[in-house]
Amino acid sequence: MTAWWYADKDEKIGPIGIDELKQLIKSDKIDAKTMLWHEGMDAWRPLDQVEELNELEAVVLPSLPPKADTDTLSYPMANRWLRFFARIFDMCWETMLVAFILGAVFSRYSANFVEWFYESGASRQLFGLLYLPIAFILDALLYRAIGNTPGKALLGLKVKTLDGKSLSFAQYLNRNFSMWVSGLALGFPLFTLFTLVHQAGRLGEGQQASYDESTGFCVHSKPVDWWRKTAFGFAFVSLFVIIMALNTMEQTGHVEPY
C-alpha cells in the first residue's frame with residue numbers, strides 16, 4: 001500500500017494511507033491544492049495534479065464563493081431624511097473646498113476676478129453654478145477612491161447597482177449629474193424647492209428617486225453605531241457654523257481676497 005505525505009504549512013505529515021487521505025479530505029483538512037508526495041514521485045504536487053488520485057477529486061468540496069459586500073441587497077432602501085442630510089453635508093464641504101481652490105487660482109492669475117466676485121451677490125451666485133458640477137466630479141472620485149463619500153459612510157448609506165455591485169466612476173458621475181438636474185434643478189433656488197419636494201414624495205412612498213430609477217441604481221441603508229451618528233451630527237453642525245461665520249465675515253467686509 002502506498003504511503004502518502006502531505007504538507008500542512010511548513011510541516012510534512014505522514015505517512016498515511018489512502019483511507020486516511022480520504023478522511024482528511026472529507027474533514028476539510030486537505031483540499032485540492034494541498035501538496036502531496038509519496039516515495040517514487042520526483043516532486044511534491046497538489047492533489048488535483050496527482051493522476052493516481054483522480055478518483056479523490058470528487059471527494060474534494062468546491063471552494064466557497066467570494067464573500068459578498070455584507071449582502072448589500074439585504075439592507076432596506078435609505079429613507080429620504082438620511083439621504084437628504086448625507087447629500088447636504090457632502091455637497092457643502094465639497095463645494096466649499098472647490099470654491100476655495102478655484103477662488104485661489106482665479107484670483108492669482110486674474111487681476112479682475114476679486115473685483116468681479118465681490119461686486120454683487122449675483123456674481124457669487126454665478127460663480128457657484130460653476131463650482132457645483134466640479135464638486136460632483138470630486139464626489140465621484142471619492143466614491144471610487146474610498147468606496148463611499150463621508151456623509152453617506154457616517155450614516156450607513158451606500159449607492160449600488162440593482163444587483164448589488166459598486167458603481168464605476170462614469171456611472172456615479174452620471175448619477176450625480178442626473179441628480180443635479182432632476183433633484184436640484186441645476187441649483188436654481190425656486191425650482192430646487194419643487195424638485196426636492198417631488199423626489200422626497202417619491203421616496204416617502206417607497207419608490208426610487210427618479211434619477212436612480214432611470215439609471216438602475218439604489219441607495220441602501222445599513223444600521224450604524226451611535227458613535228457614527230454622533231460624529232455625523234458634530235461634523236454637520238460644525239460645518240454650518242463655519243459657513244455662517246464665513247457669511248458673516250463676508251457681509252461685514254472682513255473676508256480678505258484670496
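Reference entry: report on the structure contained in this document.

### Thoughts on the overall build of the protein chain
Step number 1: Along its length, the protein chain carries 9 helices and 6 strands.
Step number 2: With 258 residues in all, the protein chain has 35% of them scored as buried.
Step number 3: Long-range contacts, defined here as pairs at least 24 residues apart, represent 66% of the contacts in the protein chain between residues at least 6 apart.

### Some thoughts on the pairing of strand 1 (residues 4-8)
Step number 1: Bridge count for strand 1 against strand 2 (residues 11-16) is 4 bridges, and the pairing is antiparallel. Bridge pairing links Y6 to I13 in strand 2.
Step number 2: Connecting strand 1 to the next strand, strand 2, in antiparallel fashion are 2 residues, including K9 with a positive phi near 60 degrees.
Step number 3: Bridge count between strand 1 and strand 3 (residues 35-38): 3 bridges; the pairing is antiparallel. When the sheet's bridge partners are listed, Y6 is paired in strand 3 with L36.

### Focus: the packing of aromatic side chains
Step number 1: A full pass over the atoms with the stated rule returns 12 aromatic pairs.
Step number 2: Ring plane angle 35 degrees and centroid distance 5.7 Å describe the contact between F232 and F236, whose orientation is recorded as tilted. One end of the pair is F232 and the other is F236, both in helix 9 (residues 226-251) and 4 residues apart, which spans about a single turn.
Step number 3: Here F232 falls in the buried class, since its relative accessible area comes to 6%.
Step number 4: Look at F236 and F240: their rings are 5.0 Å apart centre to centre, the planes differ by 35 degrees, and that puts the pair in the tilted class. One end of the pair, F236, and the other, F240, are both in helix 9, 4 residues apart, so they sit about a helical turn from each other.
Step number 5: F240 sits in the partly exposed class, given a relative accessible area of 30%.
Step number 6: Members of the aromatic cluster, each reached through a chain of ring pairs, are W81, F84, F85, F89, F232, F236 and F240.

### Examining the sheet that holds strand 2
Either a parallel or an antiparallel arrangement is found when strands of a sheet pair, and the pairing is made through backbone hydrogen bonds.
Step number 1: Taken in spatial order, the 4 strands make up an open sheet running 2-1-3-4, and their pairing is antiparallel. Since the sheet does not close on itself, it has two edges, and those belong to strand 2 and strand 4 (45-46), each with one partner.

### Concerning a nonpolar patch on the surface
Step number 1: Taken together, L97, F100, I101, V105, F106, Y109, L130 and I134 make up a surface patch of nonpolar side chains, about 760 Å² in accessible area.
Step number 2: Of all elements in the fold, only helix 2 (80-109) and helix 4 (121-146) reach the threshold of two or more residues within the nonpolar patch.
Step number 3: The element contributing the most residues to the nonpolar patch is helix 2, with 6 residues.
Step number 4: As for its placement among the helices and strands, F106 is situated in helix 2.

### Focus on the environment of K33
Step number 1: Among the structural elements, K33 can be located in the loop between helix 1 (18-26) and strand 3.
Step number 2: Accessibility expressed as a relative area gives 57% for K33, which makes it exposed.
Step number 3: A C-alpha to C-alpha distance of 8.4 Å links K33 and R45, two positions 12 residues apart in sequence.
Step number 4: Not counting residues up to four positions away in its chain, the partners in contact with K33 are P46 and D48.

### Comments concerning the environment of M91
Step number 1: Relative to the elements of secondary structure, M91 occurs in helix 2.
Step number 2: In this structure, the C-alpha to C-alpha distance between M91 and L132, residues 41 residues apart in sequence, is 8.2 Å.
Step number 3: Sequence-distant contacts of M91, defined by excluding residues within four places in its chain, comprise L132, F136 and L184.

Rules and cut-offs
Residues numbered from 1 in each chain as written. Predicted model: local features only at pLDDT ≥ 70, side-chain atom pairs only at ≥ 80, totals over all residues. Heavy atoms only, no water. Helix = DSSP H or I, 4+ residues; strand = E, 2+ residues; numbered from the N terminus. Buried < 20%, exposed > 50% of the residue type's maximum accessible area, 1.4 Å probe, protein only. Contact = heavy atoms within 4.5 Å. Pairing = 2+ DSSP bridges. Phe/Tyr/Trp six-rings, centres within 6.5 Å; stacked < 30°, edge-to-face > 60°. Patch = residues over 30% accessible without salt bridge, like charges linked within 9 Å, V, L, I, M, F, W, Y side chains within 5 Å. Areas by Shrake-Rupley, 256 points an atom, 1.4 Å probe, with all protein chains shown as cover. Salt bridge = Lys/Arg side-chain N within 4 Å of Asp/Glu carboxyl O.

So far we have only geometry, and geometry alone does not tell us how the molecule works.
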